[in-house]
Every structure is written in C-alpha cells, then in structure tokens.
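Listed here are the chains, written in short residue letters.
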Amino acid sequence: MEWFPGIVDLALGAVTNATFPVLAALFVVAALTEVGMPFPFVIDTVLFYIGYNTGTIPLRVLAILLALFLGRVFGSGIIYALARLVGRPFIRWLTRRFPRIARRLDGLKARLVGGSRGGGRIEFFSPEIMAGTTVCILRLTPGLLTGVTVASGLIHLRFDVFVFGVLLASLAADGALLVSGLLAALGIQWIGITPSWWVFLIALVVVMGAFWALQHYFTKRRRNTRSNS
C-alpha cells in the first residue's frame with residue numbers, strides 16, 4: 001500500500017492543475033450522472049478539495065466549473081431531446097427501466113408548467129426566468145435530477161430556458177461545495193492543525209455520507225407524509 005499515497009497525491013495535484021484529462025473526465029462524469037449513472041461523491045470531493053486548497057488558481061477553478069456545466073448540459077440535453085422528440089415510446093421505455101422516475105413525471109410536469117405561468121401569483125420576473133428557476137429548484141431536490149429533464153422535454157420547455165435552470169442549479173450546488181471547502185480550510189488554519197491527506201479524505205467521506213443520509217431521510221419522510229395525507 002506504499003504506492004497509494006503517491007497515487008492520491010498525483011490525482012489531487014492533477015485536479016488542482018486542471019489538466020485536460022481531468023477536465024475531460026469531469027465532463028464525462030457530469031454527463032453520465034445526468035443520464036442516471038451516479039458517481040457518488042466524485043464531483044463533491046473534487047469541488048470540496050478545490051475550495052479547501054486555497055492556492056488553486058481562479059482560472060483553473062473556472063475551467064473545472066465550466067467542464068462540469070458543459071457535461072451536465074450535454075448529458076441532460078440527450079435526455080431532453082429524447083423526451084421531446086420521441087415522446088410516448090421513450091416514456092414506455094422509461095417506465096420499464098426507471099419506474100420511480102416515470103411515476104413522478106405528472107407531478108414534475110405540473111410544477112414546471114405552474115412555474116412558467118407563475119401559478120396565478122403576481123410575478124416580477126418573466127415566465128422564462130420563473131420556469132428556469134423552477135428547473136433549478138427541482139434539480140436541487142434529491143432524486144429529481146433526471147425526472148425534471150424528462151418532464152422539461154415532454155412539455156416542450158424551451159431548451160435555452162432549461163439550460164438556464166441547469167446553470168442556476170450548477171452555480172448553487174458547486175458554489176456551496178467550494179465555499180464549504182474554503183470554510184473548512186480557514187477553520188483548520190484558525191485551529192492551527194495540518195491534517196494529512198488520508199485524514200482529510202476520511203473526514204470528507206464521512207461528511208458527504210452524513211449529508212446524503214440526511215437528504216435521503218428527509219426525502220423519504222416527506223414522501224410518507226404525502227402518502228398518508
């Protein structure tokens with residue numbers, strides 16, 4: 001296991017340097033996540049580490065964020081196009097392969113339509129901005145990432161409006177992870193400790209695991225409340 005620390009240091013160094021293979025890998029991971037192939041903690045770890053490593057050059061941070069955003073647009077764009085162009089055959093396939101997503105489609109479509117029309121409220125923003133904001137909120141809801149893309153295609157939501165929602169969600173989620181890493185670094189410097197890489201990784205996995213468990217718990221609790229009401 002003596003080789004393991006060297007590999008980890010090499011990987012983290014490549015991330016902070018934003019090399020082309022790293023950017024390409026992040027693009028692919030983000031795209032595959034959009035089509036329903038999750039990579040637990042990969043993107044979260046990368047963004048948290050970049051925020052933690054305060055010496056990362058800002059242009060490299062922007063390159064990583066751009067690679068993730070383009071990967072999300074590419075992956076979600078495929079699902080969006082299939083839902084919009086193929087329609088019912090795609091829904092039948094989705095029902096067979098991903099029944100949980102298919103069961104949520106009616107509710108997601110209603111929320112997207114309501115968001116684009118303002119839901120009868122007095123609005124200070126255009127319907128496009130309201131629809132994009134609704135896409136953002138739904139994407140940030142655990143378990144709805146692919147479903148909101150399918151629903152957007154089914155209701156023929158304008159693609160630029162959908163991409164605007166993806167951008168808002170990316171800024172919110174990625175920004176939160178970067179800020180969390182930065183705050184962790186400042187807190188550790190304030191305390192005056194310098195943890196080794198393996199302590200950092202273990203702590204990061206524990207924090208991310210706890211966050212995922214809390215999301216899963218509250219999502220399940222909300223569903224049970226709705227089903228009982």
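Up top is the structure these notes are about.
Residues numbered from 1 in each chain as written. Predicted model: local features only at pLDDT ≥ 70, side-chain atom pairs only at ≥ 80, totals over all residues. Heavy atoms only, no water.

Peer 1: Honestly, unusual backbone geometry in this entry has me stumped. Any pointers?
Peer 2: With a phi close to 60°, His 156 is a non-glycine residue in the positive phi region. Take His 156: it is sitting in the loop between helix 8 (145-154) and helix 9 (159-191). By relative accessible area, which is 44% here, His 156 ends up partly exposed. (Helix = DSSP H or I, 4+ residues; strand = E, 2+ residues; numbered from the N terminus. Buried < 20%, exposed > 50% of the residue type's maximum accessible area, 1.4 Å probe, protein only.)

Peer 1: How should the pattern of salt bridges be read in this particular structure?
Peer 2: If the charged atoms of two oppositely charged side chains come close together, the side chains can form a pair. This structure, assessed with the given rule, holds 4 salt bridges. A salt bridge links Arg 139 to Glu 34; its shortest N-O distance comes to 2.6 Å. Taken as a pair, Arg 139 in helix 7 (residues 127-139) and Glu 34 in helix 2 (residues 20-34) lie far apart in primary sequence, 105 residues in all. Glu 34 gets classed as buried once you look at its relative accessible area, which sits at 2%. (Salt bridge = Lys/Arg side-chain N within 4 Å of Asp/Glu carboxyl O.)

Peer 1: I tried to follow the packing of helix 7 against helix 8 on my own but got confused; where do I start?
Peer 2: Two quantities define a packed helix pair, namely the angle between the axes and the distance from one axis to the other. One way to put it is that helix 7 packs onto helix 8 with a least axis distance of 8 Å and a crossing angle of 150°. Here helix 7 is positioned roughly antiparallel relative to helix 8, judged by the angle of their axes. Mapping the contact onto sequence places Val 135, Leu 138 and Arg 139 in helix 7 and Leu 145, Val 148, Thr 149 and Ser 152 in helix 8. Among the residues forming the contact of helix 7 with helix 8, the class breakdown is 4 nonpolar, 2 polar and 1 charged. (Axes fitted to C-alpha atoms, helices over the stretch in contact; angles between N-to-C directions. Parallel < 35°, antiparallel > 145°, perpendicular 65-115°, else oblique. Contact = heavy atoms within 4.5 Å. Nonpolar A, V, L, I, M, F, W, Y, C, P; charged D, E, K, R; others polar.)

Peer 1: How should I be thinking about the packing of aromatic side chains in this particular structure?
Peer 2: Taken as a whole and judged by the stated rule, the model has 4 aromatic pairs. Pairing Phe 27 with Phe 74 gives two aromatic rings, centres 5.7 Å apart and planes at 40°, and the pair type is tilted. Taken as a pair, Phe 27 in helix 2 and Phe 74 in helix 4 (residues 58-85) lie far apart in primary sequence, 47 residues in all. Classification of Phe 27 by relative accessible area gives partly exposed; the value is 28%. Aromatic pair Tyr 80 and Phe 162: ring centres 5.5 Å apart, planes at 25°, arrangement stacked. Within this pair, whereas Tyr 80 is found in helix 4, its partner Phe 162 is found in helix 9, the two being separated by 82 residues in sequence. Residue Tyr 80 shares its accessibility class with Phe 162, and that shared class is buried. Chaining the aromatic ring pairs together yields one cluster made of Tyr 80, Phe 159 and Phe 162. (Phe/Tyr/Trp six-rings, centres within 6.5 Å; stacked < 30°, edge-to-face > 60°.)

The values are spatial; any link to function lies outside them.
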